[in-house]
Amino acid sequence: MLRALRDRWARARVRVGALSRRRPLGWRLPLPVAVAGLALGSELALLGSPYGLNIILTSVLVGPLVLLWHRRLGAVVLLSASCALCGHVRANGLVSGEPAFVGGPLRERTVRGVVELVRRGEWAPGVGWARLEVRVAETQERLRGPSVGDGIRVSVGRSRSPWEIGDEVEVRLTPRPVRGFCNGGRDRWARWLVDRGVQWTAWVRDDGNLTGVGPAPVRSVGGWVRRVRGDIGTRIDQSVGDPAAAVLRALVLGDKGRLTPALRETFARTGTAHLLAVSGMHLAIVASSVVAIARFALAVPRRLALGIALTRVAAPAGVLAAAAYALLTGGAVSTMRALGMAAVVGLGLCLRRRAVSFRALLFATGLLLLTDPDILRDLSFQLSFVSVAAILGLATRSRGTALGSAMSPGSGSARPRKAWAWLVSGVMVSLAAGVGTAPLAAHYFGMVSLVGVVANLVIGPLLGVGALGLGLVSALCGPWAPWVGRVGFVWAGQLIDLSIAIADWFGTWPHAAVPLELPGVATVLLGLAAIATMALRSRRWRRRAWLACGIVAAALWLRAPTGQMRLAALDVGQGDALLLEAPGGDLWVVDAGGLGGDFDTGASVVVPAVAARRGGSLRAVVLSHADRDHYGGLAAVIEALRPGEFLWNDRPSESRSFQALLEAARRGGAAQVAASAGKRFWDSRGEVELTVVHPPEASASFGRNDASLVLSARYGATRILFAGDIEARAERSLVRGGADLAATVLKVPHHASRTSSTAAFVRAVRPGLAIASLGTFNRFGFPAPEVSARYHRAGTRWRATGRWGEVVLVSDGQVERVETCRSD
């Protein structure tokens, strides 16, 4: 019997040894080629390139011929072209599925549905609001409205009823198709809602428009998951107060809706914002914990432990646990990327093959591209992908070096050595992720954290291990042992409060976050490519990569001017925000919108639009007049971009927000210029001339709107007239004063209200294109039907940002083309 046990033990050791020396998974070359093809095809489709499909089809046809000439090169061309064709077709299907504009009056109706999501907040002490996502089960009227199965996001202005997930309700509402701000060729908010299954939005004044029917029966796995999420969220709110409850909901449920801007800013300054999003670290903790528990359970029977490789059997349990956690948290982009990598690693363990991490990352990226072709433009995906790639590059470069030995001391090392290895690994992983994502942080946020390495070492274990572990255990124990779940949530809340206090303390350090100029997209890509070359172990390939980066840098530095002027009327809702780009790259921002509340149109729309340009300097910001829908976002623009001048009509407002704008201009060093009729400005090359047409120096008799700055920009034969919010009186003054108003393009005055755009003014301007900046379904009824009809009768092409999104004009001296974010 002893001999039999000894033989069985020897066979088990051989199997475990074979597992530790398993061969890597294949697809060393085809996998990156396939993923690159998918990405290229998707981007060509989403950019609307007229030649994209022709190039892809030509490559597919040429691929077999290249294959006959050179086997490897031909295989690369054929595989990449085929995958690009798949990505192009998939992305076209996504674009065609975007919500269409519903014209005409919207009708009120009653719908019955099931509550799938509830969010609450307070406008003031004792005055609350609620936001419900309702899945339609029955509707009285289907004409031009939601049908059964559609999702509606209902915002309740004043709510006192304790609505819960799973409740069946009847709602009297006026549904509107989802519409967000469409800039840069896409409506991110609408796309995000449609991906969540929400096609309509509605606003009701109070709970009187909603009638509770009772709890709805659970008919699907999704309904069961939503009910579980709602139950866990309720128990968190009952056990923990804000802001700890908001962070705990983000960790356990993936719900970041209650994180305040101040809390996000605190974690962003310390480089720990990634801890608030469910990502690879969180899934790795869940999967590794379940694998350890499964290994321990399987090792209890000795005969079973001797006869199998424990990790090989326990790996599927870890992958299933990670998938369950991803399902519970709603399946965010970073979560699904990490789940794909976990699935590949688990498959490699089961097949006794080493899952090389870079290939696992590429495999997960390919799956996500097939699911959502627009994912490459998602900030969460970009940060997640780059940080993981940087960490894997660190592991590749440190293999076989002294640093690699210090990071992985081996199984037989003493505890002090293991503790030192944990410290070194934490520092290097945090440093690699911080350096890798620095170009993206500078591009999107305008700052890079310098305390992130130290802060992650302290806050990471508290949030990522302690609070997350306690939160998940409490969520599991809640239905069977409520007191255990309540105690666990309370302890998790205390850890979160401690983490927030530490983050606040780190944020007070001098130079905790360094503000940086926002580089252009091409510069960001170049920086990421330079960082990626550090992961190459071969000196020959590293030299080639650095040479390629140098060529790209030289091309960017020595690029020839386009010879084109570009005007972008940005979609900021009810307000004006325009960006004028000279052929040499100089930029002017004319107004920056402003909606009130926490959403800053300057930081969220205008600054990213400027950062996406070719890298020219911001010459000046121009404020037409002191209405919030024009100046609300300018403070963020000035603080982020540091323009040289601030042009306005010297008619201030007494509001606090306007005083904050003037203070931001003083801090930013922008010279304040009181502009009046007759003043001229030029770009650095003297190609574009800006002339102030209105108001005159003696303009005290004009009201706020009629005193708006009216600018004329001229380039070649193209003339653009920025009319601000002038109304009939100022228009009559301009026409009677004999001002030269003729223009190729007109920014329609006062959002196309019936108090402006008089017949005489339209005849004097005679524009070929009229651009109206206004909000979709705005409460003012803009544009006035008679105003748009007046421009149509004059033979003017009409474009409104509320319907078409961002409107872009490109001119080489003559108007070359007009583009819109949405099709007609």
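Summarised in this report is the structure supplied together with it. (Residues numbered from 1 in each chain as written. Predicted model: local features only at pLDDT ≥ 70, side-chain atom pairs only at ≥ 80, totals over all residues. Heavy atoms only, no water.)

### A look at the overall build of the protein
Moving on, step 1. Tallying secondary structure elements over the protein gives 28 helices and 28 strands in all.
Moving on, step 2. The 824 residues of the protein split such that 47% are buried.
Moving on, step 3. Of the roughly 39500 Å² of accessible surface on the protein, 61% is carried by carbon and sulfur atoms. (Helix = DSSP H or I, 4+ residues; strand = E, 2+ residues; numbered from the N terminus. Buried < 20%, exposed > 50% of the residue type's maximum accessible area, 1.4 Å probe, protein only. Areas by Shrake-Rupley, 256 points an atom, 1.4 Å probe, with all protein chains shown as cover.)

### Quick word on the packing of aromatic side chains
Moving on, step 1. One pass over the structure, following the stated rule, counts seven aromatic pairs.
Moving on, step 2. Each ring, one from Tyr631 and one from Phe658, has its centre 5.2 Å from the other, and the planes form 85 degrees; the classification is edge-to-face. Residue Tyr631 is located in helix H22 (residues 628–631), and its partner Phe658 is located in helix H24 (residues 656–667); the two are separated by 27 residues in the primary sequence.
Moving on, step 3. With 5.6 Å between their ring centres and 40 degrees between their planes, Tyr791 and Trp798 make a pair best called tilted. (Phe/Tyr/Trp six-rings, centres within 6.5 Å; stacked < 30°, edge-to-face > 60°.)

### Section: the nonpolar core
Moving on, step 1. Core analysis: the largest hydrophobic core is formed by 45 residues, its most contacted members being Ile232, Val247, Leu248, Phe267, Ile459, Leu463 and Ile496.
Moving on, step 2. When contributions to this core are tallied by element, the ones reaching two or more residues are helix H6 (221–239), helix H7 (244–253), helix H8 (261–269), helix H9 (280–299), helix H11 (310–328), helix H12 (333–350), helix H17 (452–477) and helix H18 (482–507).
Moving on, step 3. Residue contributions to this core peak at nine residues, all from H7.
Moving on, step 4. Ignoring anything within four residues of it in the chain, the contact list for Ile459 reads Phe267, Thr272, Leu275, Gly464, Ser499, Ile502, Ala503 and Phe506. (Core = buried A, V, L, I, M, F, W, Y, C linked by side-chain atoms within 4.5 Å. Contact = heavy atoms within 4.5 Å.)

### A look at the sheet that holds strand S16 (residues 587–592)
Moving on, step 1. Read across the open sheet, the eight strands follow the order S19-S18-S17-S16-S15-S14-S27-S28; overall the sheet is mixed. Two strands in the sheet have a free side with no partner beyond their single neighbour: strand S19 (671–674) and strand S28 (815–820). With strand direction ignored, the average angle separating the axes of adjacent strands in the sheet is 15 degrees.
Moving on, step 2. Running over the sheet, helix H23 (residues 634–641) touches S16, strand S17 (618–622) and strand S18 (645–648) and is turned about 165 degrees from S17.
Moving on, step 3. Against the sheet, H24 touches S18 and S19, its axis set at about 145 degrees to S18. (Pairing = 2+ DSSP bridges. Axes fitted to C-alpha atoms, helices over the stretch in contact; angles between N-to-C directions.)

### Topic: the pattern of salt bridges
Moving on, step 1. On inspection of all chains with the given rule, the structure shows 17 salt bridges.
Moving on, step 2. Measuring nitrogen to oxygen at the nearest pair gives 3.0 Å for the salt bridge that ties Arg666 to Glu663. Of this pair, Arg666 and Glu663 both sit in helix H24, three residues apart, which is roughly one turn of that helix.
Moving on, step 3. As a salt-bridge pair, Glu819 and Arg817 come within 2.6 Å of each other at their nearest N and O atoms.
Moving on, step 4. When salt bridges with common partners are traced through the structure, they connect Glu639, Glu663, Arg666 and Arg667 into a single cluster. (Salt bridge = Lys/Arg side-chain N within 4 Å of Asp/Glu carboxyl O.)

### Quick word on the layout of surface pockets
A probe matching the size of a water molecule, rolled over the atoms, marks out where space remains unfilled.
Moving on, step 1. Put simply, the second largest pocket is a space of about 660 Å³.
Moving on, step 2. Lining the second largest pocket are 25 residues; nearest its centre among them are Ala324, Tyr325, Leu328, Leu472 and Leu476.
Moving on, step 3. Put simply, the parts of the chain that give the lining of the second largest pocket at least two residues each are H6, H9, H11 and H17.
Moving on, step 4. Take the lining of the second largest pocket: its biggest share by element is seven residues, from H17. (1 Å grid on protein atoms, 1.4 Å probe; cavity = no way out; pocket = protein on both sides within 12 Å on 5 of 7 lines; lining within 4 Å. Points joined across faces, edges and corners; volume = space filled by probe spheres on them.)

### Side note on empty space enclosed by the protein
Moving on, step 1. Tallied over the full model, the rule gives one cavity of 30 Å³ or more.
Moving on, step 2. The volume enclosed by the largest cavity comes to roughly 50 Å³.
Moving on, step 3. Taken together, Asp576, Leu578, Val590, Asp591, Val622, Ser624, Leu709, Leu711, Phe722, Gly724 and Lys747 form the lining of the largest cavity.

### A closer look at the packing of H17 against H18
Moving on, step 1. Interhelical geometry of H17 versus H18 gives an angle of 165 degrees and a closest axis separation of 8 Å. Compared by their axis directions, H17 and H18 come out roughly antiparallel. Considering how the two elements wind past one another, H17 and H18 form a crossing that is left-handed. (Parallel < 35°, antiparallel > 145°, perpendicular 65-115°, else oblique. Left-handed = near helix turned anticlockwise from the far one by under 90°.)

### Side note on the packing of H8 against H18
Moving on, step 1. Contact pair H8 / H18: the axes reach a minimum separation of 8 Å and the direction vectors enclose 60 degrees. It follows that H8 is oblique to H18 by the angle criterion. Helix-helix and strand crossings are classified by hand; for H8 and H18 the assignment is left-handed. Facing Leu263, Thr266, Phe267 and Arg269 of H8, the residues of H18 in contact are Ile500, Ala503, Asp504 and Gly507.

### Description of the sheet that holds strand S21 (residues 689–694)
Moving on, step 1. Spatially, S20-S21-S22-S23-S24-S25-S26 is the arrangement adopted by the seven strands of the open sheet, whose pairing is mixed. Each edge of the open sheet is held by one strand with a lone partner, namely strand S20 (680–682) and strand S26 (797–800). In this sheet, adjacent strand axes meet at a mean angle of 20 degrees when their direction is disregarded.
Moving on, step 2. Inspection of the sheet shows strand S24 (residues 745–747) paired to strand S25 (residues 769–772) by three bridges, in the parallel sense. Paired with Leu746 across the two strands is Ala770, which belongs to S25.

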